[in-house]
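Understanding the architecture of this molecule
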Amino acid sequence: MTDAPSIDPALRLGSRAHLPDDLLALLRKYPREVWPEHENLGELAKFWLARHDMFRELCAILAKSAEDLREGRIDPAEFRGFFAPRMRFFLHQLNGHHQIEDHAYFPAFMAAEASLTRGFEILENDHEIIHRNLVRMGEAGQALVESLSRDRDTQMRSAETMSGELTGFLTGLHRHLADEEDIIVPLILDRTEEKLGVK
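Criteria and thresholds
- Residues numbered from 1 in each chain as written.
- Predicted model: local features only at pLDDT ≥ 70, side-chain atom pairs only at ≥ 80, totals over all residues.
- Heavy atoms only, no water.
- Phe/Tyr/Trp six-rings, centres within 6.5 Å; stacked < 30°, edge-to-face > 60°.
- Helix = DSSP H or I, 4+ residues; strand = E, 2+ residues; numbered from the N terminus.
- Lys NZ or Arg CZ within 6 Å of the ring centre and 35° of its normal.
- Axes fitted to C-alpha atoms, helices over the stretch in contact; angles between N-to-C directions.
- Parallel < 35°, antiparallel > 145°, perpendicular 65-115°, else oblique.
- Left-handed = near helix turned anticlockwise from the far one by under 90°.
- Contact = heavy atoms within 4.5 Å.
- Nonpolar A, V, L, I, M, F, W, Y, C, P; charged D, E, K, R; others polar.
- Core = buried A, V, L, I, M, F, W, Y, C linked by side-chain atoms within 4.5 Å.
- Buried < 20%, exposed > 50% of the residue type's maximum accessible area, 1.4 Å probe, protein only.
- Expected span 1.5 Å × (residues − 1).
- Polar contact = N/O pair within 3.5 Å; in protein donor to acceptor, adjacent residues only side chain to side chain.
- Salt bridge = Lys/Arg side-chain N within 4 Å of Asp/Glu carboxyl O.

The full count for this structure, using the stated rule, is six aromatic pairs. Seen from their ring centres, Phe90 and Phe169 are 5.9 Å apart, and the 85 degrees between their planes marks the pair as edge-to-face. With Phe90 in helix H3 (residues 76–112) and Phe169 in helix H5 (residues 152–191), this residue pair connects regions lying 79 residues apart in the sequence. When the ring of Phe106 is compared with that of Phe120, the centres are 5.1 Å apart and the planes differ by 50 degrees; the resulting orientation is tilted. In this pair, Phe106 is assigned in helix H3 and Phe120 in helix H4 (residues 117–147), connecting sequence segments 14 residues apart. Following the ring pairs from residue to residue traces out a cluster consisting of Tyr105, Phe106, Phe109 and Phe120. Above the ring of Phe82, the side-chain terminus of Arg86 is found at 4.0 Å from the ring centroid.

Here is the structure:
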């Protein structure tokens with residue numbers, strides 16, 4: 001999928017503050033405070049929400065570690081051992097997570113509730129934007145790791161670039177994950193995972 005020209009520019013990731021009201025009817029019926037104890041919050045939904053929390057937490061940890069390197073609070077050798085494997089894990093896992101959503105879950109959800117099709121198109125467009133950002137972050141991360149064997153000024157410039165990339169990415173990731181949850185979890189609570197065919 002490409003960056004869909006039919007998506008209102010105001011609804012693209014980085015521009016929107018929230019989803020349109022017409023996509024949040026089920027959220028009004030099932031607000032976030034009822035989710036944890038709802039009988040229809042199945043094991044798949046719980047696992048999926050936990051993965052979202054992991055992505056939020058890991059991105060924040062990576063951003064903090066790049067900031068710590070930039071500010072001299074961590075030794076470059078220690079940073080390399082901490083940052084590189086976590087960055088690889090984050091990039092790989094988030095990309096795989098989105099592929100499963102795009103090819104398995106989103107089609108099932110759209111088939112079950114046509115009124116949410118526009119919402120899933122917005123989320124799929126987010127995935128394209130996020131994927132491009134992941135590629136850029138991977139390149140910045142590689143440059144940062146390579147800079148660790150060079151002079152201090154080069155390390156600091158690379159750390160500043162990486163910190164900025166991760167901080168900006170985290171803002172968009174928070175928006176995307178929250179909007180995705182606001183569409184999908186209420187739909188699951190309303191229909192059940194079994195009836196949606198995603199159990």
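Close contact between H3 and H5 brings their axes to 12 Å; oriented N to C, the two are set at 30 degrees. By the angle class used here, H3 and H5 are roughly parallel. As for how H3 packs across H5, the hand of that crossing is left-handed. Residues Pro76, Phe83, Met87, Phe90, Leu94, His97, His98, Glu101, Phe106, Phe109 and Ala112 of H3 form the contact with H5, whose own contacting residues are Gln155, Met162, Leu166, Phe169, Leu173, His176, Glu180, Ile184, Leu187, Ile188 and Arg191. Grouping the constituent residues of the contact of H3 with H5 by class yields 15 nonpolar, four polar and three charged.

What follows is about the nonpolar core. With 32 residues, the main nonpolar core has Phe83, Phe90, Met137, Met162, Leu166 and Phe169 as its most contacted residues. At the level of elements, helix H2 (43–70), H3, H4 and H5 are the ones that each hand at least two residues to this core. Ranked by residues supplied to this core, first place goes to H5 with eight residues. Counting 30 residues, the second largest nonpolar core, distinct from the first, contains Leu11, Leu27, Leu49 and Phe106.

Quick look at the environment of Arg118 now. Examined against the element boundaries, Arg118 turns out to sit in helix H4. As a C-alpha pair, Arg118 and Asp22 span 96 residues in sequence and 9.9 Å in three-dimensional space. Discounting residues that sit within four places of it in the chain, Arg118 has contacts with Leu11, Pro20, Asp22 and Leu23.

Put simply, H2 and H3 touch, their axes get as near as 10 Å, and they point 150 degrees apart. Considering how the two elements wind past one another, H2 and H3 form a crossing that is left-handed. The residue makeup of the contact of H2 with H3, split by class, is 19 nonpolar, four polar and three charged.

An α-helical turn contains 3.6 residues, so a residue and the one three or four places further along point in the same direction. Here H2 spans 41 Å end to end across 28 residues, near enough to the 40 Å set by a 1.5 Å rise per residue. Of the residues trailing H2, Gly72 is marked for its positive phi of about 75 degrees.

This paragraph deals with the side chain of Ser158. In this fold, Ser158 is placed in helix H5. Residue contacts for Ser158: discarding those within four places in its chain leaves Ala143, Leu144 and Ser147.

The terminal C-alpha atoms of H5, which comprises 40 residues, lie 56 Å apart, in line with the 58 Å expected from a rise of 1.5 Å per residue. At the N-terminal boundary of H5, the capping side chain belongs to Asp151, with an oxygen 3.2 Å from the backbone nitrogen of Asp153.

This brings us to the pattern of salt bridges. Counted by the stated rule, this structure contains 17 salt bridges. Measuring nitrogen to oxygen at the nearest pair gives 3.0 Å for the salt bridge that ties Lys29 to Asp190. Of this pair, Lys29 sits in helix H1 (residues 25–29) while Asp190 sits in helix H5, and the two are 161 residues apart along the sequence. For Lys29, a relative accessible area of 54% corresponds to the exposed category. The exposure class assigned to Asp190 is partly exposed, which follows from its relative accessible area of 24%.

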